[in-house]
There are 2 protein chains.
Amino acid sequence: MSRDSYGEQLDRLTGLLAAMSRDAAAAIRGASSGLLQVDRDAAEAVLRGDALLDARRTDVEAMIPLLVARHQPVAGDLRLVLCAMRIAGDLERMGDLAVHVAKVALMRHPVTVVPPMATGVLTTLADAATRIADKTAVVLATRDPLDAMQLGLDDDEVDAAHASLLSMLVSAWPYGIESAIDLALVGRYYERYADHAVNVARQVVYLVTGDIRL
Amino acid sequence: MSRDSYGEQLDRLTGLLAAMSRDAAAAIRGASSGLLQVDRDAAEAVLRGDALLDARRTDVEAMIPLLVARHQPVAGDLRLVLCAMRIAGDLERMGDLAVHVAKVALMRHPVTVVPPMATGVLTTLADAATRIADKTAVVLATRDPLDAMQLGLDDDEVDAAHASLLSMLVSAWPYGIESAIDLALVGRYYERYADHAVNVARQVVYLVTGDIRL
């Protein structure tokens, strides 16, 4: 197999990860519309779209053993190939978590999951998670460690909004237990979504610097 | 580097994964004692023990690029090396989820998180998750695909107990919203713990058969 073909395979691998990161960002955007605008079509599109993320992860996983065995990549290429497996895993999981958010919205449709009292904190959570997802897609393309480190700030915003949401739910929440559980779980899904995005960024830093810390 | 040294490194890798699986099983056992027996020492030991799981995951991740670059493993060895990264990730995450359960128990200590009404369903959940963890440790040692497939049954039990718990919480739960949220999240942690154990088993099947489905 020629060197070109090896380069093409590495390009295909990075192209798959870029596509997955765009899909994961679109998924959380759609799930948040489902949740906050009670947009059924948007939520259903997230459920339909998840199969593509799963398929792309499978493609990544199928490519890697072949790439390693045939081309014996070294240094930066080897790091890319090994990280790609974990990055694909995180991106696929981000899609799953967006699906969980969309499913909560659909389960209660046409009733909103988010009473007016919680709209502010949920909007903050959704916006910060979406911003992280968009930045993750950029980081995957630029591989700029400084961009990657910026994600930490957005993740702090997610954690703070998640904590505010939980405080609100346990102090005089007037909408009952089912509503409180829905929102506690939704908060957890956003928080995990953001954590996985940060993991992706951490892997990109490792790709560039060989340093696993972030 | 000699062939022996390569073999020793592969043995060290599988030894690390075996140790991690035992630690992850001990963690959920301790967290469940913390939760169900209001055993503060057990819950605190889970928090202290988590650093070791994290350190072992870091060891696994540091070994893999070196192993691939120096020894260019093929076939089964290559699958082992590539899977080890994901297996270590799942086992470390199982430890984190056990820590989450232990933290809920400690946050309410000396008050129990589990009122008598929910003891049965939580015990079922904890026992099934612990059984899965123990079987995962066995599967990692034996690499028997039939053992691995058995885990699916225990995982169904976890999912069923988790669903019963949620139904109980949303229908006439007399202990208030904070208690309901604690238990909804605890249920979610057990469910995710079991999912990661099933992922480990799925990777072991792939190791043996090259088939990713389970």
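Residues numbered from 1 in each chain as written. Chains lettered and ligands numbered in written order. Predicted model: local features only at pLDDT ≥ 70, side-chain atom pairs only at ≥ 80, totals over all residues. Heavy atoms only, no water.

Q: Would you mind going over unusual backbone geometry in detail, with residue names and values included?
A: The linkage connecting histidine 109 of chain A with the following residue, proline 110 of chain A, adopts the cis geometry, with an omega of 5 degrees. Inspection of the secondary structure puts proline 110 of chain A in the loop between α3 (75-108) and α4 (116-142). One non-glycine residue, glutamine 72 of chain A, lies in positive phi territory at about 40 degrees. You can see glutamine 72 of chain A is positioned in the loop between α2 (40-71) and α3. Although it is not a glycine, alanine 75 of chain B sits at a positive phi angle of roughly 50 degrees. Mapping alanine 75 of chain B onto the fold places it in helix α3 (residues 75-108). (Helix = DSSP H or I, 4+ residues; strand = E, 2+ residues; numbered from the N terminus.)

Q: Give a description of the relation of the copies chain A and chain B that names residues and reports values.
A: Take chain A, turn it by 180 degrees, move it 0.0 Å along the axis, and it overlays chain B with an RMSD of 0.0 Å. Both copies of the chain, as the preceding transformation shows, are related through a two-fold rotation axis. The share of interface residues of chain A whose copies in chain B are also at the interface is 100%, consistent with both copies meeting through the same surface. (Least-squares fit on C-alpha atoms with pLDDT ≥ 70 in both. Contact = heavy atoms within 4.5 Å.)

Q: So what's going on with the UniProt feature "domain: PhoU" (unreviewed entry) in chain A? Residues and values would help.
A: All names here are of chain A. Mapped onto this numbering, the UniProt entry annotates "domain: PhoU" (unreviewed entry) at residues 19-104 and 123-204. The span residues 19-104 is 93% helical and 0% strand by assignment, and the distance between its end C-alpha atoms comes to 26 Å. Annotated as 91% helix and 0% strand, the span residues 123-204 places its first and last C-alpha atoms 28 Å apart. (UniProt positions renumbered as here; feature names shortened; annotations may be inferred.)

Q: Could you give an account of the interface of chain A and chain B, naming the residues involved and the relevant values?
A: The partner chain B presents 30 residues to the 30 residues of chain A that form the contact. Between chain A and chain B, a total of about 2,700 Å² is buried, with carbon and sulfur atoms accounting for 70% of that surface. Put simply, glutamate 61 of chain A and arginine 86 of chain B hold a salt bridge, and the shortest N to O gap is 2.5 Å. Taken together, the links from chain A to chain B amount to 2 residue pairs in polar contact (both at pLDDT 80 or more). (Buried area = accessible area lost by both parts, 1.4 Å probe. Salt bridge = Lys/Arg side-chain N within 4 Å of Asp/Glu carboxyl O. Polar contact = N/O pair within 3.5 Å; in protein donor to acceptor, adjacent residues only side chain to side chain.)

Q: Describe the environment of alanine 194 of chain B, and please don't skip the residues or the numbers.
A: Residues and elements named next belong to chain B. Here alanine 194 shows up in helix α6 (residues 176-209). According to the relative accessible area criterion, alanine 194 is buried, its value standing at 0%. Along the chain, alanine 194 and leucine 97 lie 97 residues apart, while their C-alpha atoms are 9.9 Å from each other. Those residues within four positions of alanine 194 in sequence are excluded, and the remaining contacts are Ile132, Asp155 and Val158. (Buried < 20%, exposed > 50% of the residue type's maximum accessible area, 1.4 Å probe, protein only.)

Q: Lay out the packing of helix α4 (residues 116-142) of chain B against α6 of chain B in plain terms, naming residues and giving numbers.
A: All names here are of chain B. Between α4 and α6, whose axes approach to 9 Å, the crossing angle comes to 20 degrees. On the basis of the axis angle, α4 is roughly parallel to α6. Where α4 crosses over α6, the handedness of that crossing is left-handed. Taking contact as the criterion, the partners of Ala118, Leu122, Leu125, Ala126, Ala129, Ile132, Ala133, Thr136, Val139 and Leu140 in α4 are, on α6, Leu183, Val186, Gly187, Tyr190, Tyr193, Ala194, Ala197, Val200 and Val204. Counted by class, the contact of α4 with α6 contains 17 nonpolar, 2 polar and no charged residues. (Axes fitted to C-alpha atoms, helices over the stretch in contact; angles between N-to-C directions. Parallel < 35°, antiparallel > 145°, perpendicular 65-115°, else oblique. Left-handed = near helix turned anticlockwise from the far one by under 90°. Nonpolar A, V, L, I, M, F, W, Y, C, P; charged D, E, K, R; others polar.)

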